[in-house]
There are 2 protein chains.
Amino acid sequence: MTDKYVYLFSEGNARMNDLLGRKGANLAEMFSLGLPVPFGFTVTTNACRLYYEDSKKINSKIEKQIDYALLRLEQKTGKEFGNTRNPLFVSVRSGSPVSMPGMMDTILNLGLNDLTVKGLAQNTGNPRFAYDSYRRFIQMFSDIVLQIDHYQFERELDQIKRKAGVEKDSELHIEHLLELIKAYKKLVKKESKEEFPQDPKVQLMMAVGAVFESWNNQRATLYRRINKIEQTLGTAVTVQEMVFGNMGEDSGTGVAFTRNPALGDPELYGEFLWNAQGEDVVSGSRTPGSLNELKTKMPETYEDFKKIAQSLEKHYCSVQDIEFTIEQKKLYLLQTRSAKLTPKASIKIAVHMAQEGLISRDEALLRIDPDTLKGLLHETLDPKTDVNVIAKGLPASPGAATGMIVFDSEEAERLQRTGHEVILVRRDTNPDDIHGMVASVGILTSQGGMTSHAAVVARDMSKPCVVGCSAINLDEAKQEVTIGEKRLKAGDIITLDGSTGRVIIGQVPLIAPTLSDEFMTLLGWAKDRKKMAVLGSVNTPKEAMQARFLGAEGIGLCRTEQMFMDPVRVPLVQEMILSQNKWERKKALDNLLPMQKSDFLEMFRIMEGKDVIIRLLDPPLHEFLPSAETLSIEIERAKLARDFEDVQEKEKLFWRVKGLHELNPSFGHRGCRIGITYPEIYDMQVTAIAEAALELKCKGIEVHPQIIVPLVSHANEMKMVREQVLESLSHVFSRYQDQIEIPIGTFIELPRACITTRQIVQYADFIIFGCNDLTQATFGYSRDDAEGKYLAYYIDYKVLPENPFVSLDEEGVGELIRMGTVSGRESNPRLKVGTCGVQSSEKKSVRFFQRLGLDYLSSVPHLIPIGILSAAQAVILEEKN
Amino acid sequence: MTDKYVYLFSEGNARMNDLLGRKGANLAEMFSLGLPVPFGFTVTTNACRLYYEDSKKINSKIEKQIDYALLRLEQKTGKEFGNTRNPLFVSVRSGSPVSMPGMMDTILNLGLNDLTVKGLAQNTGNPRFAYDSYRRFIQMFSDIVLQIDHYQFERELDQIKRKAGVEKDSELHIEHLLELIKAYKKLVKKESKEEFPQDPKVQLMMAVGAVFESWNNQRATLYRRINKIEQTLGTAVTVQEMVFGNMGEDSGTGVAFTRNPALGDPELYGEFLWNAQGEDVVSGSRTPGSLNELKTKMPETYEDFKKIAQSLEKHYCSVQDIEFTIEQKKLYLLQTRSAKLTPKASIKIAVHMAQEGLISRDEALLRIDPDTLKGLLHETLDPKTDVNVIAKGLPASPGAATGMIVFDSEEAERLQRTGHEVILVRRDTNPDDIHGMVASVGILTSQGGMTSHAAVVARDMSKPCVVGCSAINLDEAKQEVTIGEKRLKAGDIITLDGSTGRVIIGQVPLIAPTLSDEFMTLLGWAKDRKKMAVLGSVNTPKEAMQARFLGAEGIGLCRTEQMFMDPVRVPLVQEMILSQNKWERKKALDNLLPMQKSDFLEMFRIMEGKDVIIRLLDPPLHEFLPSAETLSIEIERAKLARDFEDVQEKEKLFWRVKGLHELNPSFGHRGCRIGITYPEIYDMQVTAIAEAALELKCKGIEVHPQIIVPLVSHANEMKMVREQVLESLSHVFSRYQDQIEIPIGTFIELPRACITTRQIVQYADFIIFGCNDLTQATFGYSRDDAEGKYLAYYIDYKVLPENPFVSLDEEGVGELIRMGTVSGRESNPRLKVGTCGVQSSEKKSVRFFQRLGLDYLSSVPHLIPIGILSAAQAVILEEKN
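It should be emphasised that the depicted structure is a prediction, and the values quoted were computed from it without experimental measurement. (Residues numbered from 1 in each chain as written. Chains lettered and ligands numbered in written order. Predicted model: local features only at pLDDT ≥ 70, side-chain atom pairs only at ≥ 80, totals over all residues. Heavy atoms only, no water.)

*Asks:* Honestly, the overall build of chain A in this entry has me stumped. Any pointers?
*Replies:* Counting its secondary structure elements, chain A contains 34 helices and 31 strands. Taken along its principal axes, the extent of the C-alpha atoms in chain A is 105 × 65 × 55 Å. For chain A, the residues scored as buried account for 59% of the 881 residues in total. In chain A, the proportion of contacts linking residues at least 24 apart, taken out of those at least 6 apart, comes to 68%. Total accessible area computed for chain A in this model is approximately 35800 Å², and 49% of it derives from carbon and sulfur atoms. In chain A, 107 side chains carry a positive charge and 120 a negative one; their mean positions are 3 Å apart. (Helix = DSSP H or I, 4+ residues; strand = E, 2+ residues; numbered from the N terminus. Buried < 20%, exposed > 50% of the residue type's maximum accessible area, 1.4 Å probe, protein only. Contact = heavy atoms within 4.5 Å. Areas by Shrake-Rupley, 256 points an atom, 1.4 Å probe, with all protein chains shown as cover. Lys, Arg positive; Asp, Glu negative; His and termini not counted. Charge placed at Lys NZ, Arg CZ, Asp CG, Glu CD.)

Written out as C-alpha cells, the structure reads:
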C-alpha cells in the first residue's frame, strides 16, 4: 500500500477503480479526456480501510493530503473555502469499486455557512436559492454526519409552512427560510450539544468520515451480502466542486444514455429538467422532460453534449449512463458509467457494436450474461394487460400459465383428461404427485424453495412454477385457499408467472417469446465459437422440437419415464408393477411396447440426422403408484362405510405399495438396479428403440439412437446391462433382418462411478456425468429435502459459497468429475464425455467443463441458448488466459 | 504349464496342492514321510483343464503317462490289472485344490470284472465279499460313469431281495449276488447300448473322465459359487491301490482326530469299525465304535497308529483328520487333512500348540478365523434344554432373548414401562419403530435381510434379532401370527436365537458366555501384536461396561441419540422439537441437560483413564416423533368419533411431522446440519459433556472426553461447529473456574468429506471414517432399503463381489478412505485417523486399514475381540509380505 491517499482528478484514470472507486476513477478518466468535469479529488479506498484500522479516525497523513488537494482545487477553480465573496462549494460522494447504487451517503453544497451563503446569494443573484440550499445542507449534513433524525427537521419545516400558510416548500419566502435556518441550528445545538460547524474545512473532514462510516451501514452491508461483494473493499470519497443546475432558467440537469437502455436502439436517450439539481430528478419530486427540450432551447449545447456522449461510448466501448448539469449555459459532466441494460437491449447493443466494429465478436459474446437470456425464452404475460397480483412466491420455473385451481393430483388428472387446463396448488409436492404435475399446466406451492421437489420437477418438465408462496393459506379439507381476506376455491382461474413468482387472479393473455434478429445473430456467433456440443434434455417429442428450435445439436438425455406417466398408460404401468411374476409382467410390458415405440418414432423423426441418447427407465417403481398414506386413509374410510370389497382391493394395493416403499427412494431401487432385477422392462424399452429406429431407417430417414444406462455404481452392473441390451438388440435385428449401430453408454452420477470410471468404461461407449444426482450423493444431500430444511440457511450464512445444485461444486463434485474424465480417457482416449443437469448451462460450471475438455453439455430446452453462450464464453475466456 | 500330467506318490509333496489337489498332494506327502500308504498316482488339475479345452477328451499324451504310472503301480504292488490270480484294484478319487467335501465323485474297486472277481474271492477266501464288491462296483460305475439312473439298480436289487425273501442286502447269498450281477449287466447293456466294460484299463480311463466331469456337476458348481471358489481351478484325480477293511474280522476301518475337534482336548479321538470299508462309516449304515476297540484288540497296531498320528500332527503343525484301514492286520493310511474344528476347539488347540512350541504365537493367531469368535460372545440358549423350534429366519443379530410377543412399538413401550420383557414382531421395521426396538429385548421380522433396518439397528443396539422369517404370517388386525397351523397371540412367550435364526415357543433358559482361559490368552497375544487401537462403539453406559470387559481400549463412538430415546425422556425431546422458537426450545433443552449429564458422568466413570469420543446428535428430528401415517389414521378415527379436540391436537402434531418429513431422511436434515441450524441443541450436549468431565476431574477421576461432529461435507461446516463448541466449552470453563482438554474431531462419512479432508482437518483434531454412511453415499445405496430390494440379488449373482456394508469395498469406498487419509495427514502429519462400522472388525477390511496405517478401529462391544484378533492378523500378514 502506497502512502498516497488522495488523488486529484488530474492524477487518476479509469483503471484505478479499486483505489478510487468507480465514481472517482471515472471522473479522473473524463477529466484526462479533456471533458468539462467540475474539478476535484478522491480520497482512496485504502484511506477508508485505514480509517477503520485506526479505530474510525482520519489520521494526520490523510488529512494533510486532503489539505493539499483542497488548495489545488481552490487554485484551479479560483474559488476559496469559506470566502464570503467567492466561496467554494463541494459535493462529497461515496464511491465503491463495485456498483452499489444508493447504498451509501452523499453530501451536497458543503462549504455553506452563515457567511458563504451570502456570497452564493450575491453571485447567483438568487438569494432564495442560496438560503434554500443552506437549509437543505444543514438538514442533510445533520442527518448524515451528525446522525440527527431527519424527521425532526421535517417537523420544523412543517411548522414554518403552517405558520406561513403555504403547502409546498417552494412557496416559502426568504424570511421563512431564514427563520427555518435558525430553528435548524437550534435543533442541532440541542441534539448534538455543539453548534452547527461553520468552518468548511471542519465540515469537510466530518463529511469524509461520515461517508467512510456509510460503508458499514445496514443496508450497504446487506446489499453486499446479497450481491456477494467483499465486505472489506471499502469506499473512496470524491470531493468535487459543486455546479448548480438550479441557478435559474439557463441552468438545468439531466441524465442520458448513449443508446436506449430498454430496447437497445442506437439513439441518445434521456431526461432533462430545467433549473434543477440532480436530486430533483432522482427523488421524483419533479417530472423531467425529454432531452429534446434541451435540443430545442440550446441546440449548440445539445450538440456539444451529443458529441461528448458519443466519444465517451467510443472511449469505453460500452453504452454510457451520463449525469450532466448546465450551470448558466455551461455544460458540466458529473458522472459517466456503463449503463444497466435490459437483456434485450444488451443483446441488440452488443451485436450492433460488434457490427459497427466498436468491439470484437468475442467481446460481444462476453458482454451478455447468459443468465439474463432466461427471461427471453418463455411465454410471458402480455405486458399490456393490467394484472391483479394477489401473492408472490419464488420464481421456481419460468414461463406463464393460466388454469383452474386444483388441490390434488388425482383431481388434476381427471380434469385434464376431460379437457381442462389446471394449476396444481399444494403445500409442497412429492414423487406421488408426478401424475398430477404432468396433468397440470403450472404448479404453485406454499412451501419449499428453489430446489424443492416441485421446483426441480417443474423445471425438468419446463412448466411454470411458483414455490414457497407463504402468503397463501391452504385448507385442503375445505378445498380452498385464502390470501389475506381473499378466498379462492377449487375451480377458480389463476395465472402464474414463473419468471417473477407472481400469482394473479383470472386469465391473462400470454405472448410467445420472439427471438430478435440480434439474438439469433449472437447465438450464431456463439455456436461458431464454442467447442462443446450443446444437446437437449427432454421428456417428450414436443420438447424435442422446442430443443431443436432453440439450437440443440441433438438429444443428450431423453427420459422415458414421462412416457409412462401419460394418464392413458398409467393403468398399464400399474398392471406391470403389480404383476405377480415375470410372465404377467411381460404381458403388461407387451401392451406398453407399441406406445413407447410410437414415442420414439416421433422423437427420431424430429431429430432426424442427429444423435438421440435415450435413458432407460430410472425412477423407482413406486413413483407410478398412489401413496401408502392416501391408501390407508381410503381403507379406513371404506372400512367405516362397510364396503369390504373395496377394503380388500385397496389393501392388496396398499401392501404392494408398502412392499415397494423405501425409506430413501432417491437412493433406492431405481436406475439400472431395476434393469438388472427386472430385465424384462429394459428389454421392452430397447426393443421399442430398435424397432422404431429400423422402421425409420427402412424409410430412408437417418436416425442415430444411443442408449444410456442410469445409476451405475459398479462396472459389473454396466457389464450385465450391456449384455442384456445387446441381446435384446440382436433379437430385433434378426427379426427385422437389418441392423443399426446403437452405442451404449452410462450415466456417471454416483461417487463410486467416478472413482471406478476406468473399469466402467470397459463396457461403455460414452459417459455422461449426471450433475444433480452426483451432487446429491457426494454431499449426502437429498435434493428434494435440502432446500426447505437447511440449504437456504447454508447459502445465506455462507456455509456454502453457492447452491451446488445450481452452480457446480468444483472442489468436491468437480474433483470427482475430473477423476472420472481423466481415468475414463486413460482407459479409452476416444471416450465421449458429456454432462447434464442445470449446471450444464450455468456459466461458471460450463467454464469448468471446458477446462476439462468435455465433449458435450445437455440442458432442458429453454436453457439451451444459455448453454451455447456459456460454452462460447468458456472458450474465449480459456484462450484469454 | 509343464507337460507332466501324472505324478506318482513318490514324485509329489504337500506343496503341490494346486497341481495334485489336496488329496493327491497329501497322499504323496505321507508316502514321502515313509508312512504306510497304499501306492498310487495323481492325474493333475492341469490335465482336467486340458480335458475341457480338448472338448472333454483325455488326450493321448495324458493317457500315455497314465499307462506308465499304472505300470509302476503294478510293479510296486506286485499285482496286475486284470490278472485273474493276483488282480490289482484301485480307487479313483477327485481332489480339488480347495476342500469341497462330498461335492464330486469317487469310484471304488475299479478293476473288478468277471475274471478278477474270482481272483479276489480266492485271495480273500471270501467269495461273498468279492461278488458283493463286484455288484456294488457295477452299480457305482454305471451311476457315475455311464450316467444310468441308480434307481433302476435299486429296483433290481429289491426284486432279488423279494425273490430271496430277505430284507437286508447283507442277507443275500452268493447265488443271489450272481443273479444280481447278471441283471445289472443286462440293465447296462439296455441303457448304454454297450456291454459293461470288462477291460480294467478301459474302466480306468472312463472313470478318470467321469471324475473330471464331476467338477462341473450342479452341486459342485453351486458349492463353489457359495464358497467363492474359482470355477476354473479344476480337479485332480488320484488313482490308488484298493485296500480292504472288510476282508474279515482282522480288518477294519476308522477315522481319527489327533485332538478332540469339538473341545480341543489333546487326546487321540476317533471311531473304528471292524470288517468294514470307509463308506460304511460315512453312510451311517453301521454305527462305529470308539478307537478303544482297536486299542484293546490290536494294541500294537493301535500304538503304531498313534505314533503315526502324532508324527503327522507334528509334521503338518495342525490337528489331523486321518482316515485309515486295517487289511488283515496291516495298517494303511488313506488320507490325512487338517481337521475342521469348532471355534472353541480352534482356540484351545492353537493356544496349546503355541505353548507346546509346535507353532509360533503368530501362527496361533492366524489359525483363528475372527468370524468364528462371534458365536462365543453372546448369551446363548442352554444347550441342555429341549426346544420347540417353530420357524427359522436369518440370524441377523446374535444372542438369545425371551419375551412376550408385541406387534407395535407403542405397545412395546407401554409394556416395557410396566416391567415386561417384550419381543417386537413386525413385517419389517423403519425409523418410526426405534422407540419400540429400544423397549424390546429382541426383534423378529417376517421380511428383510441381513442388512435390513431391523437387522442393522438391532446389531447397533446389540439386541438379538431374527429377520426374513417368511414362515410366519402376521395379521396385525387380529393381533396374531400364524406359522402353519400354529397360532400365536400378542402376549404369548417366545424365545429368539439370534445366532442361528431359530424362533422357539416358550421360555428357554439362557447361559452367559464364558470366555475360556485359552480365549483370554489368545486375546492377550493379539493385543500385544496389533498396532491399531480397538475401541468400542456404544449407546449406553451398560454397553460401555461390556466393551471394556471385552477388551476395548476406550470408546470410539458414543452415540447420544439413544439417550434421547429413553421412554421417560421422549416427551421432553418431543417438546423440544415442537418448540415454536429458539427460547421455547432452549427451555426444553434445559430440562434434558441434567439427564444427558448423568449419562456422561456414568460413562466417564466406567471408562476412567480412557478416551471417550462422543458424537453430537446425528439422526433427523422426526425420528423422535410418531409417523404421519399413524397420525393420519388416528385423525381419521378421531373425526369419525367426533372428538374434535383430539382431532385438533393430532392435526397440530401431524403438520409438524409433515413439516419435518423428508423424502430421503438418511440424506436429510441430520448430523451437523442440525447442529448448525439449531445450535442450541449442540450447546446443551457440549455443556453436559464439559460439566460432567469437570465434576469428575474435581473428584480426582481421570477423564478424557472428545467430541466428534457427524456428517460434515464441507470444511465450513466443521469450522462453524468447532467455533460453536469452543464457545459452549468456554462458558462452562468460566462458570466452573476450571478447564479440561476436549479435542474436537469429525466423522468423514460422505464422499465430499473424503475429497476435501485436507480442508476439513484445518478445523478437526482427529477424524473417523464412518464406513456405513460412506458406503451408502458412495454407492448411492440406501442401506435401509438395499438388502430387501436388490442387494441380495446383487451378491447372489455376483454383480457385487461382497456386501459392502459388511466387508469394505476397497476399490470404491476404500479409495475414498485412502484419499482422505493421505491428504488429511499431508495437512496434519500427526492427525489421528480411525474408522467405525461393521467393516472395522471384518478381517479383510481390517487388513486394508492396517495397510493404510490407521490409528484405531471402533466396533460394537461383541465385535471387539474380533477386531482385536483381525488387527493382530493384519500386522502379522503385513510383515509376512
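From this point, the discussion proceeds with the structure in view.
*Asks:* Sorry, what's going on with the interface of chain B and chain A here?
*Replies:* Much of the literature gives interface size as the accessible area that the parts lose upon coming together. Each partner contributes residues to the interface: chain B has 63 residues there, and chain A has 62 residues. Summing both partners gives a buried area of about 5400 Å² for chain B against chain A, and 57% of it is carried by carbon and sulfur. Of all residues in chain B, the largest losses of buried area upon contact with chain A belong to B:L663, B:R752 and B:K789, amounting jointly to 13% of the total for that side. Put simply, chain B and chain A have 6 salt bridges between them. Here A:R752 and B:D809 are joined by a salt bridge, their closest N and O atoms 2.7 Å apart. (Buried area = accessible area lost by both parts, 1.4 Å probe. Salt bridge = Lys/Arg side-chain N within 4 Å of Asp/Glu carboxyl O.)

*Asks:* Can you help me understand the relation of the copies chain B and chain A in this one?
*Replies:* Both copies of the chain are related through a single rotation about an axis accompanied by a shift along the same axis. Rotating chain B by 179° and translating it 0.2 Å along the rotation axis places it on chain A, where the RMSD comes to 0.5 Å. Considering both components of the superposition, the chain copies are consistent with a two-fold axis. Using C-alpha coordinates, one finds that chain B approaches the rotation axis most closely at B:N664, a distance of 2.0 Å. (Least-squares fit on C-alpha atoms with pLDDT ≥ 70 in both.)

*Asks:* Explain the pairing of strand β31 (residues 856–859) of chain A to me, please; I cannot follow it from the model alone.
*Replies:* Successive side chains on a regular strand alternate, one facing one side of the sheet and the next facing the other. All names here are of chain A. Residues of β31 alternate between two faces, with Y856 and S858 on one and L857 and S859 on the opposite face, all of them buried. Here 4 bridges tie strand β24 (residues 533–538) to β31, and the two strands are oriented parallel to one another. For G536, the partnering residue across the bridge sits in β31 and is S859. With 3 bridges connecting them, strand β30 (residues 832–836) and β31 associate as parallel partners. Residue pairing across strands places T835 opposite L857, the latter belonging to β31. (Pairing = 2+ DSSP bridges.)

*Asks:* Would you mind showing me how to read the pattern of salt bridges here?
*Replies:* Opposite charge on two side chains lets them pair, provided their charged atoms get close. Residues and elements named next belong to chain A. A full pass over the atoms with the stated rule returns 93 salt bridges over all chains. K201 is the salt-bridge partner of D67, the closest N and O atoms lying 2.6 Å from each other. Taken as a pair, D67 in helix α3 (residues 60–77) and K201 in helix α8 (residues 200–214) lie far apart in primary sequence, 134 residues in all. On the basis of relative accessibility, which here comes to 19%, the residue K201 falls in the buried class. R135 is the salt-bridge partner of D132, the closest N and O atoms lying 3.1 Å from each other. Of this pair, D132 and R135 both sit in helix α5 (residues 127–144), 3 residues apart, roughly one helical turn. Look at D132 and you get buried, because its relative accessible area is 10%.

*Asks:* It is not clear to me how the environment of B:L578 should be interpreted in this structure. Could you clarify?
*Replies:* Residues and elements named next belong to chain B. Tracing the backbone through its elements, the reader meets L578 in helix α21 (residues 570–578). Classification of L578 by relative accessible area gives partly exposed; the value is 29%. In sequence terms L578 and R656 are 78 residues apart; their C-alpha atoms lie 7.2 Å from each other. With residues near it in sequence (within four places) discarded, L578 still touches L653 and R656.

*Asks:* Would you mind going over the pairing of strand β10 (residues 330–338) of chain B with me for this structure?
*Replies:* Residue and element names in this part refer to chain B. Pairing geometry for strand β9 (residues 320–327) and β10, over 8 bridges, is antiparallel. For E323, the partnering residue across the bridge sits in β10 and is Q335. Taking the residues that link successive antiparallel strands as the turn, the β9-β10 hairpin has 2 residues, and the phi of Q328 there is positive, at about 45°.

*Asks:* What is the right way to read the side chain of B:Q685 from this model?
*Replies:* All names here are of chain B. Summarising the element assignment, Q685 is placed in helix α26 (residues 679–698). The exposure class assigned to Q685 is buried, which follows from its relative accessible area of 0%. At a separation of 2.7 Å, a polar atom in the side chain of Q685 contacts the main-chain amide nitrogen of L617. Contact partners of Q685, with chain neighbours within four places excluded, come to T560, F564, Q596, F600, L616 and L617. (Polar contact = N/O pair within 3.5 Å; in protein donor to acceptor, adjacent residues only side chain to side chain.)

*Asks:* Is there a simple way to think about the nonpolar core in this case?
*Replies:* In this structure, A:F604 and B:F604 are the most contacted members of the largest nonpolar core, which totals 307 residues. Ranked by size, the runner-up nonpolar core spans 86 residues in total, among them A:I62, A:V92, A:L120 and A:L291. (Core = buried A, V, L, I, M, F, W, Y, C linked by side-chain atoms within 4.5 Å.)

*Asks:* Teacher, can you tell me more about the side chain of B:T445 here?
*Replies:* Residue and element names in this part refer to chain B. Within the secondary structure, T445 is located in strand β16 (residues 442–445). Of the residues examined, T445 reaches a relative accessible area of 1% and is grouped as buried. Not counting residues within four places of it along the chain, the set of residues in contact with T445 comprises R426, R427, D428, T429, A454, V466, V467, G468 and C469.

*Asks:* Even after reading the chapter, I still don't get the sheet that holds strand β3 (residues 90–95) of chain B, so can you show me in this structure?
*Replies:* Strand pairs in the sheet, formed through backbone hydrogen bonds, run parallel or antiparallel to each other. All names here are of chain B. Here we have 5 strands laid out as an open sheet, ordered β1-β2-β5-β3-β4, and antiparallel in their pairing. Among the strands making up the open sheet, the edge pair consists of β1 (6–8) and β4 (106–110). Across the sheet, the mean angle separating the axes of adjacent strands is 20° when strand polarity is ignored. Bridging between strand β2 (residues 40–43) and strand β5 (residues 236–241) involves 4 bridges; their strand directions are antiparallel. Paired with F41 across the strands is V239, a residue of β5. Relative to β3, helix α8 (residues 200–214) is tilted by about 15°, and along the sheet it contacts β2, β3, β4 and β5. (Axes fitted to C-alpha atoms, helices over the stretch in contact; angles between N-to-C directions.)

*Asks:* Can you walk me through the UniProt feature "domain: Pyruvate phosphate dikinase AMP/ATP-binding" (unreviewed entry) in chain A in this structure?
*Replies:* According to UniProt, the positions carrying the feature "domain: Pyruvate phosphate dikinase AMP/ATP-binding" (unreviewed entry) are residues 59–290 and 303–355 of chain A. Across residues 303–355 of chain A, helical content stands at 51% and strand content at 32%; the span's end C-alpha atoms are separated by 25 Å. (UniProt positions renumbered as here; feature names shortened; annotations may be inferred.)

*Asks:* When you look at the domain arrangement of chain A in this model, what are you seeing that I'm missing?
*Replies:* Residues and elements named next belong to chain A. According to the domain assignment, chain A contains domain 1 (6–242), domain 2 (243–341), domain 3 (378–511) and domain 4 (522–773 + 806–880). Between the C-alpha centres of domain 1 and domain 2 the distance comes to 22 Å. Contacts between the two partners involve 23 residues from domain 1 and, on the opposite side, 19 residues from domain 2. Of all residues in domain 1, the largest losses of buried area upon contact with domain 2 belong to M30, P36 and M242, amounting jointly to 25% of the total for that side. Viewed at the interface, domain 2 and domain 1 are joined by 0 salt bridges. Where domain 1 touches domain 2, the interface holds 4 residue pairs in polar contact (both at pLDDT 80 or more). Elements with a contribution of two residues or more to the side of domain 1 that touches domain 2: α1 (17–32), β4 (106–110), α4 (116–124), α5 and β5 (236–241). Element by element, the count of residues in the side of domain 1 that touches domain 2 is highest for α1, at 5 residues. (Domains from an automatic or database assignment.)

*Asks:* Where do I start with the sheet that holds β9(B) in this structure?
*Replies:* All names here are of chain B. Pairing is antiparallel across the open sheet formed by 5 strands, whose spatial order is β8-β7-β6-β9-β10. At either end of the open sheet lies a strand with only one pairing partner, and these are β8 (289–290) and β10. Judged from the 6 bridges that link them, strand β6 (residues 252–257) and β9 form a sheet pairing that is antiparallel. Looking at β9, one finds that F257 is bridged to D321. Along the sheet face, helix α12 (residues 299–316) touches β6, β9 and β10 and points at about 25° away from the line of β10.

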